[in-house]
Amino acid sequence: VEFHTKALDKDALIEKIKDVHVVGIRSKTKLTQEVLSHANKLIAIGCFCIGTNQVDLTYAASRGICVFNSPFSNSRSVAELVIAEIILLARQLGDRSCEMHDGVWNKVSNNCYEIRGKTLGIIGYGHIGTQLGVLAESLGMHVIWYDILPLMPIGMSTAVESLDEVLAEADFVSCHVPETPETKNMIGARELALMKPGSYLINASRGTVVDIDALAASLKSGHLAGAAVDVYPKEPLANGPGFESPLRNCPNTLLTPHIGGSTEEAQRMIGIEVATAATKFVNTGASINAVNFAECDLRAIPSTDRTTVRIVNVHQNVPGVLRQINNILADYNVNKQISDSKGDVAYFMADVTVENSKDINTIYEHVTAIGENIITRVLF
């Protein structure tokens, strides 16, 4: 195991990735097609974060490289941060704290509110959105939400029909959506204008979701009473000075450096979840919770079974490949098998009883020789 505390630049990454079988990264490391083209032995990537946009997922799959992430482990941490920000914004505590540090005593109650009885609008009712809703209700807030999928409400929360409805009704709007072409600038000048005068916007999802310039203008005009932003369209690669944003010095605006999931508990769970998934894929071929692969798994081969091997194959998703593989395995006892596909890449697993160890090499060579083969592994 080789460990690096900082993200490597492209040239160093290309050199390091040539001889590794598994690589673990955070959000700053970019595994582009150019980088992955040099990864001759790589079979798995573990993204120790939620997002995977730093990896060329399609190209990785075409090379037989399975990608895992941790979509759930930091949900509670992000939800708690948002709750804290709701209270901070409602009481203007960010501005009051800065004033005190500057030696200014400014005791005010004007436009400071309790959050009890206020309406929280959640955009994206996934793992974070649902936890946020539960916490908000426990503090006496009314929760409404909008999602493109039909989902079951939790607690007393209410689904609404459209994004515009959330914006028009909520006192606080919190975004929890993935980064996709559809969510880019989904909160722009038009959407901000639909929000209630004196309301608040929170974005702890992805930096491309909110038009930062439009948000700054809405804050400076007084239409919004405040905002909390944890993610940005462009983020520094390292800690230190030099952060620039139109949101700096906007009134009642909390700016944090992408720390929504940065708690000891979340980091520990992310490490366990991703490392476990990658290790299981290497040792057993299981691709459960993979981002770019079809999800396949077979029950474990008993440790006392010395004659069964597992054939794991990644191939191009075209007609006829399974027939070729099964023809190769036809002379052996296939105990169990599974196959599934995702896009242009298919994944196949089979447990085969092989009495003669020499036959293992024969099976491997024949499957590897299939024209559509990408990667074949034999696991014991």
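Everything below is about the structure shown above.
Participant: Outline the nonpolar core, supporting the account with residue identities and numerical values.
Facilitator: Nonpolar side chains in soluble globular proteins generally cluster together in the buried interior. With 28 residues, the main nonpolar core has Ile123, Ile187, Leu192, Leu201, Leu215 and Leu247 as its most contacted residues. Sorting the residues of this core by element identifies helix H7 (163-169), strand S7 (172-175), helix H9 (212-221) and strand S9 (224-229) as the ones contributing at least two each. No other element matches the five residues that H9 contributes to this core. Setting aside chain neighbours within four positions, we find Leu192 in contact with Ile187, Leu201, Ala214, Leu215, Ser218, His223 and Leu224. With 24 residues, the next largest nonpolar core counts Val82, Ile128, Ala136 and Ala204 among its residues.

Participant: Could you give an account of the sheet that holds strand S4 (residues 119-123), naming the residues involved and the relevant values?
Facilitator: Pairing is parallel in the open sheet, where seven strands are placed in the order S6-S5-S4-S7-S8-S9-S10. Both outer strands of the open sheet, strand S6 (158-159) and strand S10 (253-255), are each paired with one neighbouring strand and no more. Docked against the sheet, helix H4 (residues 75-90) engages S4, S7, strand S8 (199-203), S9 and S10, running at close to 150° with respect to S8. Set on the sheet, H9 makes contact with S8, S9 and S10; between it and S9 the angle comes to about 140°.

Participant: Tell me about the pairing of S4, and please be specific about residues and values.
Facilitator: Of all five residues making up S4, five are buried, and the element is well covered by its neighbours. Burial of the side chains of S4 extends over both faces: Thr119, Gly121 and Ile123 are buried on one face and Leu120 and Ile122 on the other. Looking at chain direction, S4 and strand S5 (residues 142-146) are connected through five bridges and run parallel. In the sheet register, Leu120 faces S5, and the bridge partner there is Val143. The parallel pair S4 and S5, bridged by helix H6 (residues 127-138), forms a crossover whose chirality is right-handed. Where S4 meets S7, four bridges bridge the pair, whose relative direction is parallel. Residue pairing for S7: Leu120 is matched across the bridge by Phe172.

Participant: A description of the pattern of salt bridges should follow, citing residues and the corresponding values.
Facilitator: In this structure the tally under the stated criterion is 14 salt bridges. Note that Arg116 and Glu114 form a salt bridge whose closest N and O atoms lie 2.9 Å from each other. Glu114 matches Arg116 in its accessibility class, with the two residues each being exposed. Shared partners join several salt bridges into a network, and the residues in it are Asp164, Arg190 and Glu191.

Participant: Any details on the pairing of S5? Residues and values, ideally.
Facilitator: Bridge count for S5 against S6 is two bridges, and the pairing is parallel. Across the sheet, Trp145 pairs through a bridge with Ala159, a residue of S6.

Participant: I'd like to hear about a nonpolar patch on the surface, residue by residue, with values.
Facilitator: A grouping of Ile148, Leu149 and Leu151 is seen on the molecular surface, where their side chains present a nonpolar patch of about 320 Å² in accessible area. Turning to its location among the elements, Leu151 is positioned in the loop between S5 and S6. Given the relative accessible area of 36%, Leu151 is considered partly exposed.

Participant: Lay out the sheet that holds strand S2 (residues 44-47) with the relevant residues and their values.
Facilitator: On the basis of which strands lie adjacent, the open sheet formed by three strands has the order S1-S2-S3 and parallel pairing. Single-partner strands in this sheet number two, and they are strand S1 (22-25) and strand S3 (66-68). The mean angle between the axes of side-by-side strands here comes to 15°, regardless of whether they run parallel or antiparallel. Here S1 runs beside S2; their pairing, made up of four bridges, is parallel. In the strand pairing of S2, Val23 is matched with Ile45. The strands that helix H10 (residues 264-284) touches are S1, S2 and S3; relative to S3, the one it contacts most, it runs at about 160°.

Rules used in this analysis
- Residues numbered from 1 in each chain as written.
- Predicted model: local features only at pLDDT ≥ 70, side-chain atom pairs only at ≥ 80, totals over all residues.
- Heavy atoms only, no water.
- Core = buried A, V, L, I, M, F, W, Y, C linked by side-chain atoms within 4.5 Å.
- Buried < 20%, exposed > 50% of the residue type's maximum accessible area, 1.4 Å probe, protein only.
- Helix = DSSP H or I, 4+ residues; strand = E, 2+ residues; numbered from the N terminus.
- Contact = heavy atoms within 4.5 Å.
- Pairing = 2+ DSSP bridges.
- Axes fitted to C-alpha atoms, helices over the stretch in contact; angles between N-to-C directions.
- Right-handed = clockwise from strand over helix to strand, strands pointing away.
- Salt bridge = Lys/Arg side-chain N within 4 Å of Asp/Glu carboxyl O.
- Patch = residues over 30% accessible without salt bridge, like charges linked within 9 Å, V, L, I, M, F, W, Y side chains within 5 Å.
- Areas by Shrake-Rupley, 256 points an atom, 1.4 Å probe, with all protein chains shown as cover.

Nothing here speaks to function; it is all geometry.
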